[in-house]
Structure formats: C-alpha cells, structure tokens
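In case you want the letters, here they are:
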Amino acid sequence: MADGQWYPPEWPDRIRAHAEGTLVPVAPKRAATVLLLKDTPDGPVVHMLRRRASMAFAGGAYAYPGGGVDPRDDDHLVRWAGPTRAWWAERLGVDEAGAQAIVCAAVRETYEEAGVLLAGPAPDAVVGDTTGDDWEADRAALVARDLSFAEFLDRRGLVLRSDLLGAWTRWITPEFESRRYDTWFFVAALPAGQRTRNASTEADRTVWIRPAEAAAGYDKGELLMMPPTIATLRQLLPYGTAAETLAAAAARDMTPVLASARLVDGEIVLTWPGHDEFTKRIPTDLTTGGA
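Residues numbered from 1 in each chain as written. Predicted model: local features only at pLDDT ≥ 70, side-chain atom pairs only at ≥ 80, totals over all residues. Heavy atoms only, no water.

Colleague: Teacher, can you tell me more about the packing of aromatic side chains here?
Modeller: Aromatic ring pairs are defined here through the distance separating the ring centres and the angle between the ring planes. In the structure shown here, the tally under the stated rule is nine aromatic pairs. Taking the centre distance of 6.4 Å and the plane angle of 80 degrees together, the rings of Tyr111 and Trp135 count as edge-to-face. Note that Tyr111 is positioned in helix H3 (residues 96–114) and Trp135 in helix H4 (residues 133–143), a separation of 24 residues in sequence. Residue Tyr111 shares its accessibility class with Trp135, and that shared class is buried. The rings of Tyr111, Trp135, Phe149 and Phe152 are connected pair by pair, giving a single aromatic cluster. Taking NZ or CZ as reference, Arg156 lies 3.8 Å from the ring centre of Trp135, over its face. (Phe/Tyr/Trp six-rings, centres within 6.5 Å; stacked < 30°, edge-to-face > 60°. Helix = DSSP H or I, 4+ residues; strand = E, 2+ residues; numbered from the N terminus. Buried < 20%, exposed > 50% of the residue type's maximum accessible area, 1.4 Å probe, protein only. Lys NZ or Arg CZ within 6 Å of the ring centre and 35° of its normal.)

Next comes the structure, spelled out in structure tokens:
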C-alpha cells in the first residue's frame, strides 16, 4: 500500500454489481463530524481518534469525532446562539428542522466522543470542565440514546453555540456501499477551560496532531484514513491558526462529494469529483474482494 487509504474489502464486488445494475443503493443516513482545533506554538493541531482494530468498518483508521443525526433533535426547538436556523438551513442545503438536527449532531458527537461541549449557560458563554460524575452520567445517557441532545440542553439550561462551528464540507458515502451516510463536516476551536479525552467506546487512541504531520503519516502508509479524512486534513494546511480556519469556513463550497464508478477498458474506475488522488482502478475479472 503506497499510502494509508482505507477501503472496505467488499468494495470491488459491490462496485461491479453497481456497475452491472444488480445492486440497489441504500438511502444515506444524515451524519455530522467535527474537526476540533487548538492553537500551539507550532501552529494549529486537530483532534483525531483511531478506531479500534476490532471494528467491522474502518478498523484501525484515524477519524474525527462524529456520528449519526438523532431524529428527535429535528422538531424540539433548543436554546440557540449564533446564526439562525434559517441561515444554517441555507448553508447546509436542508430545511430548518434538518439544520438544527445536523448542528445538534455535530455538537453532541463532539461531547460524546471527546468530552468537549460547545454550549453554555448564556449566548456568549461556554461551560467549563465537563469531567464530573454528573456530566458523565448525562454523556452516557446521550451515548445510549436514553436522552436526546435537545432534552440534555433543556435539562441543563444550556444554549447551543452554533456560532462556534463552521460548516466545512459535505461527503456522501458512495452508492455501492452497504452503509451510507450523508455527512456534514464542521470545524471548531477547543473552548477555553475544556479538555479532550478519549470518551469513545469505538476508539483505542486519541491524539492532537498537526494536519501536516497526519497527512505525512498517511502518505507514508503509517496512518490509515478514509478519503474524506485525509482530504479535509489537506484542506487545513494553509491556515496558521484555529481562528483563520473558522473564518475560512464561510466561503467553503458545500456541494456534496459523491464517488462514482464506471467501466473503462475492462476496469472499474472509481473517482471522487475534485479529488484525483483517490482515483482507483479495479480489474473487472477479479473474483474476490480486496482493494
């Protein structure tokens, strides 16, 4: 493997079936993930987690905190600071209820998997340390889906700080994948007074790492990543601070990135629009999986 690009081993077979018209695509589920940043003397670093090797999907791959949208967060209006739901709806390309749910998912997953909460008691404040037993009980209830994020915010009297997020990009899992997600990627800066921890049951390691260092590890084949992860890491390279990154988010193109597969001269050619480095050619005469 020349780099750390990770593909599910069943992709070649599924790509062939999709190209032949025998595979019916499943509908993608909404999801959100967050590139959490903090400044250091050597430039900004991003928080990443390594998925446990035992995980059926992307085991051993590095990723960001993220996960699926909870439908319960669509229709329960939460206390909200920052751009309006209407603004977020236009930015994310969804309706207002969907925008709230996606932003809630981004904030919730960052709390569930990194212990960092982008919310506060007032529109201009954020909570401090969230490592106490009472906070952990609520976090566990969120993970178990015994508690919706909207209910959590109400219970705590907290305001969701949507102004601390910047919408960065959007990727949709290819149509030939068995589990599909329509994922909005956000950037955010670590709030003062909070600290990250490995709170995810799906990760065996978390790191703060410079984007250039992580990208170099991928290029050497030392760090496994899926295409959206390494693509977003490379997009962070021009920015010297977390604030610069957040400021740049407003101008980012949110057109979804969706891979396509086509037959060319006896090969299946897999491409991601605008991301030539991920182009992959798979001989059509292969009879077993493996990418």
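Now that the structure has been shown, we can carry on.
Colleague: So what exactly am I meant to see when it comes to the pattern of salt bridges here?
Modeller: Pairing between side chains of opposite charge can happen when their charged atoms approach one another. Enumeration according to the criterion identifies 13 salt bridges in this entry. Here Asp70 and Arg72 are joined by a salt bridge, their closest N and O atoms 2.8 Å apart. Arg72 sits in the partly exposed class, given a relative accessible area of 32%. Here Asp219 and Arg234 are joined by a salt bridge, their closest N and O atoms 2.7 Å apart. You can see Asp219 sitting in helix H6 (residues 211–219) and its partner Arg234 sitting in helix H7 (residues 227–236), a full 15 residues away along the chain. The exposure class of Asp219 is partly exposed, given its relative accessible area of 39%. (Salt bridge = Lys/Arg side-chain N within 4 Å of Asp/Glu carboxyl O.)

Colleague: I'm lost on the packing of H4 against helix H5 (residues 149–156) in this one. Help?
Modeller: Relative orientation and spacing of two packed helices are given, respectively, by the angle between their axes and the distance between those axes. One can describe the packing of H4 onto H5 by two numbers: an axis separation of 10 Å at closest approach and a directional angle of 160 degrees. When the interaxial angle is binned, H4 and H5 end up roughly antiparallel. Handedness of the H4/H5 crossing: right-handed. From H4, Asp134, Trp135, Asp138 and Leu142 reach across to H5, where they touch Phe149, Phe152, Arg155 and Arg156. In terms of residue class, the contact of H4 with H5 is built from four nonpolar, no polar and four charged. (Axes fitted to C-alpha atoms, helices over the stretch in contact; angles between N-to-C directions. Parallel < 35°, antiparallel > 145°, perpendicular 65-115°, else oblique. Left-handed = near helix turned anticlockwise from the far one by under 90°. Contact = heavy atoms within 4.5 Å. Nonpolar A, V, L, I, M, F, W, Y, C, P; charged D, E, K, R; others polar.)

Colleague: Please clarify how the nonpolar core should be interpreted in this entry.
Modeller: Most often, soluble globular proteins keep nonpolar side chains buried together rather than apart. Judged by nonpolar contacts, the single largest core of 40 residues is most densely connected at Trp88, Leu92, Leu117, Phe149, Phe152, Leu165 and Phe186. Tallying contributions element by element places H3 first for this core, with 10 residues. Leave out the neighbours within four places in its chain, and Phe152 touches Tyr111, Leu117, Trp135, Asp138, Leu142, Leu147 and Leu158. Counting residues in hydrophobic clusters, the runner-up holds 35 residues, among them Tyr62, Tyr218, Ala249 and Ile268. (Core = buried A, V, L, I, M, F, W, Y, C linked by side-chain atoms within 4.5 Å.)

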